[in-house]
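What the coordinates show
Residues per chain are reported as follows:
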Amino acid sequence: MNKIIRQDLQEVDAFLQEVKDYSVSHLLEIDALPVKAASATFERLELPRKGKGASNALQQFNERYGQHLAGNSGPRNWGFVTGGATLPAIAGDWLTTVFDMNAADKDTAPLQIETETIAMLRQLFGLPEAFSGCFVTGATMANFAGLAIARQWLGKQLGVDVAQEGMAALANAKIVSCTPHSSTVKSLAMLGFGRNAMLKLSSLPERESIDIKVLKEYLEAHKGEPLIVVASAGTVNTVDFDDLEAIAELKNEYGFWLHVDAAFGAFAACVAEHRHLLNGWEAADSITIDAHKWLNVPYDAAMIFTRHTDLQLDTFKNAGAAYLGDPAKDFKYSNYTPENSRRLRALPAWYTLVAYGADGYADIVNNNIQLARRLGALIQENAAFRLLAPVRLCVVCFTLNVADEEKQAATDALIKALDESGKVMLTPTVYQGVPAIRAALVNWRTEENDLSIVWEEIKRQAAVLTVE
Ligand SMILES: *Cc1c(COP(=O)(O)O)cnc(C)c1O
């Protein structure tokens, strides 16, 4: 063994203690760090001829990057839809790495852990047993996997095994949606449908939810054509939900594949008052749910749920590799997901679900919703701002009350000023043609006091802008 490597191995205890101390100091000061790291450029480090060992690498990392690490997973990162990582989730992630098990093997603890975690998640979301699930790297891959299984189903309607024979039979397939996430369109590009296969139907007035009448008309006019409907359970700008019950009824009548993108909207199921938003989703053929957002586990984790494991196997199996066994006989998750060798990404979720249970998640979700609604109310009552949509769950979408032609520059300037304040991170968007700002609250640490800090800062920065 290389001398330096051997020495590190002998000092495992001292080294991991150092890493622990380093981690704890970050977690304790996360509130005080700027939320968004200032942009920085770095001179590139060359590959060393001889390394100086683990402890020295930690030291070099801290010297180079320590000052540039921000409170990204802290309580006031309200940009995109960004969860943090609960302490048990961090432990699960750390141990995933320590044990470094390949969650592709059959009959092993990792397989059992993934299956058990999926079952707990099904309970958390109140999904029927008929849904099986697997972990993938994020909601983009969950959408990809769901649509890949849908593609297999479409082919089957035409008597073609698309996984085997390719896409030729599906040249005219359409994917219908109203306000799809960009990752759905990206998935169409990756799957050979092409981005142009996406057909966006119109929404209800002042909404991001599909107009069911328009969908019905479309279905009537295109009876018998290969079709996937992608429904949104929580859009990123206004957390709007398609009417899943009505879509389920249409599915009965017209027989399309229904994929529901519930990346973060699924968490409405955790709170009794909001569960109804998901009514009808049990009729879906596939459902995407993210874990690294509202479940608050570290990147990269999401789940794809489906009721069609046979088609899923047809899509993702490793066929004809003797050393991998017979996909039809040996159950392995690697025959159901895009990845073959797989990190045990169920483990962080397992830890946090066991640690906090259904009540813990109801509290996290409910708390975020209450705070988002309070922010929405404050914005609505203040003449400097305009709330652009009701705060349905965890996202507040608003703009500045300035002349239309100044809106873009004003919202950009406000976001930049807030970034520089270090107190909060928000993201720009355009909602129904209006330049706007989004605040998305899905972090387990966010509290009352964070709302006060952010609201004071937003008002202060907006006032500075208008005076200028
Ligand atoms: C975030 C998000 C995605 C994509 O998720 P990643 O985890 O970034 O891959 C897809 N759909 C919706 C609705 C989302 O909010």
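Concerning unusual backbone geometry
With an omega of 5°, the peptide bond running from Tyr299 to Asp300 counts as cis. Its location among the elements puts Asp300 in the loop between strand 6 (286-290) and strand 7 (302-306). With a phi close to 60°, Asn296 is a non-glycine residue in the positive phi region. Position of Asn296 relative to the elements: it lies in the loop between strand 6 and strand 7.

Some details on the sheet that holds strand 1 (residues 132-136)
Pairing within the open sheet is mixed, and its seven strands lie in the order 1-7-6-5-4-2-3. Edge strands, defined here as strands with exactly one partner in the open sheet, are strand 1 and strand 3 (198-200). Looking at each pair of strands side by side, their axes are set apart by 20° on average, direction ignored. Where strand 4 (residues 227-232) lies against strand 5 (residues 257-261), five bridges are found, and the strand directions are parallel. In the sheet register, Ser232 faces strand 5, and the bridge partner there is Asp261.

Comments concerning the site of the ligand
Surveying the vicinity of the ligand reveals 14 residues, the closest of which are Thr140, Asp261, Asp290, His292 and Lys293. One of the backbone nitrogen or oxygen atoms of Ala139 is found 3.0 Å away from an oxygen atom of the ligand.

Remarks on the pattern of salt bridges
Under the defined criterion, the tally for this structure stands at 22 salt bridges. The salt bridge partner of Asp240 is Arg392, with a shortest N-O separation of 3.7 Å. With Asp240 in the loop between strand 4 and helix 10 (244-254) and Arg392 in the loop between strand 8 (385-387) and strand 9 (395-400), this residue pair connects regions lying 152 residues apart in the sequence. Residue Asp240 is classed as buried on the basis of its relative accessible area of 1%. Residue classification places Arg392 among the buried residues on the basis of a relative accessible area of 18%. For Asp326, the salt bridge is made with Lys329, and the minimal N-O distance between the two is 3.6 Å. Among the residues examined, Asp326 registers a relative accessible area of 33% and is labelled partly exposed. Among the charged side chains, a network of salt bridges with common partners joins Arg207, Asp240 and Arg392.

About the criteria used
Residues numbered from 1 in each chain as written. Predicted model: local features only at pLDDT ≥ 70, side-chain atom pairs only at ≥ 80, totals over all residues. Heavy atoms only, no water. Helix = DSSP H or I, 4+ residues; strand = E, 2+ residues; numbered from the N terminus. Pairing = 2+ DSSP bridges. Axes fitted to C-alpha atoms, helices over the stretch in contact; angles between N-to-C directions. Near = heavy atom within 4 Å. Polar contact = N/O pair within 3.5 Å; in protein donor to acceptor, adjacent residues only side chain to side chain. Salt bridge = Lys/Arg side-chain N within 4 Å of Asp/Glu carboxyl O. Buried < 20%, exposed > 50% of the residue type's maximum accessible area, 1.4 Å probe, protein only.

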